[in-house]
Amino acid sequence: MSSIVLFGPPGAGKGTQAERIMISTGLPQVSTGDMLRAAVKEQTPTGLEAKGYMEAGQLVPDSIIIELIRQRIKLPDAIDGVMFDGFPRTIPQAEALAEITDVTHVIAIEVPDEKIVERICGRYSCSNCGLVFHETFNPVPESGCTCGNFEEKRRADDNQDTVLSRLSAYHEQTSPLAEWYDNLGIFHRIDGDRAIDLISTDILEALGN
Ligand code: AP5
């Protein structure tokens, strides 16, 4: 089993690009953020423990995240590899990942901090199909969402205060992973401050697709 990692600050466009890469590579998207939000909604023990960290814009403890991933990759769709979105975010998470799968590419989507708040605070999604949009940069088409049943949803942690905490967590705990993966020769930097289609083209090229 070999996998790829989408890496980058909050709001860099990992989820947006994951939708497209999934279509081209066939790899299922494994987003720890989505898994945690589902656990919070269902009020599972994991969700109840994670909720406070997420609302505060802090990282959820490694033990919880690693267990979530261990369970997720046992599912049949993960047999040929997956595309991790927002995982790993700490060195212990990367160490755990190295024990369970061979990571072939880490795609780092780079966006300057000053663009992040604007991106996060303008984000909304379709609660029916999960597609992500932006008020200014990527609005839902006038014809409506492709699922045909658009209903707007906003994330509880998409506000200015929480974004700043999430950015701090990224710089302090996650960005050291760039050097870790660079030393392994599998780290690909992509300029994420461009049109969505141009970024997708560069990512697919880095993946050899
Ligand atoms: P998570 O859900 O992973 O959030 P995140 O990393 O903060 O990333 P986002 O989902 O906010 O952004 P994205 O990069 O996917 O951007 P998107 O494509 O939506 O994590 C949430 C929380 O869960 C964390 O804070 C933490 O508490 C916890 N957690 C999750 N994983 C964890 C882990 N491994 N360890 C510990 N804790 C964990 O795009 C953003 C917006 O920009 C959208 O509106 C989009 O339309 C727009 N956009 C996208 N691309 C472009 C572009 N090129 N130009 C203009 N606009 C664009």
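All values derive from a computational prediction rather than experimental measurement.

Lining the immediate environment of the ligand, one finds 36 residues, of which T16, Q58, R89, R123 and F133 sit closest. Interatomic distance of 2.9 Å between a side-chain N/O atom of R37 and an oxygen atom of the ligand. A distance of 3.3 Å separates a nitrogen atom of the ligand from a polar atom in the side chain of R119. Protein chains shield 96% of the accessible area of the ligand, which is 1,000 Å² for the free molecule.

Geometrically, a pair of aromatic rings is defined through the distance of the ring centres and the angle of the planes. Throughout the structure, instances matching the rule amount to 7 aromatic pairs. Between F7 and Y170, the aromatic rings sit 6.1 Å apart at their centres with planes inclined by 55°, giving tilted as the arrangement. Of this pair, F7 sits in strand β1 (residues 2–7) while Y170 sits in helix α7 (residues 160–174); the two residues are 163 residues apart in sequence, bridging distant segments of the chain. Accessibility classification places F7 together with Y170 in one group, the buried group. Taken together, the aromatic side chains of F7, Y170 and F187 make up a single cluster linked through ring pairs.

Glancing now at the pairing of strand β4 (residues 102–110). One ladder, built from 6 bridges, connects β1 with β4; its direction is parallel. Paired with I4 across the two strands is H105, which belongs to β4. Pairing geometry for β4 and strand β8 (residues 187–191), over 5 bridges, is parallel. Bridge pairing in β8 places E110 opposite D191.

Unfilled space is identified by rolling a water-sized probe across the atoms. One number sums up the size of the second largest pocket: a volume of about 180 Å³. The wall of the second largest pocket is formed by G15, T16, E19, R20, G130, L131, V132, F133, N138, P139, P141 and I196. The set of elements that each furnish at least two residues to the lining of the second largest pocket consists of α1 (14–25) and β6 (132–134). Among the elements that line the lining of the second largest pocket, the one with the most residues is α1, at 4 residues.

Reading the values: the criteria
Residues numbered from 1 in each chain as written. Predicted model: local features only at pLDDT ≥ 70, side-chain atom pairs only at ≥ 80, totals over all residues. Heavy atoms only, no water. Near = heavy atom within 4 Å. Polar contact = N/O pair within 3.5 Å; in protein donor to acceptor, adjacent residues only side chain to side chain. Areas by Shrake-Rupley, 256 points an atom, 1.4 Å probe, with all protein chains shown as cover. Phe/Tyr/Trp six-rings, centres within 6.5 Å; stacked < 30°, edge-to-face > 60°. Helix = DSSP H or I, 4+ residues; strand = E, 2+ residues; numbered from the N terminus. Buried < 20%, exposed > 50% of the residue type's maximum accessible area, 1.4 Å probe, protein only. Pairing = 2+ DSSP bridges. 1 Å grid on protein atoms, 1.4 Å probe; cavity = no way out; pocket = protein on both sides within 12 Å on 5 of 7 lines; lining within 4 Å. Points joined across faces, edges and corners; volume = space filled by probe spheres on them.

From the geometry alone we can't say anything about function, so treat these as descriptive.
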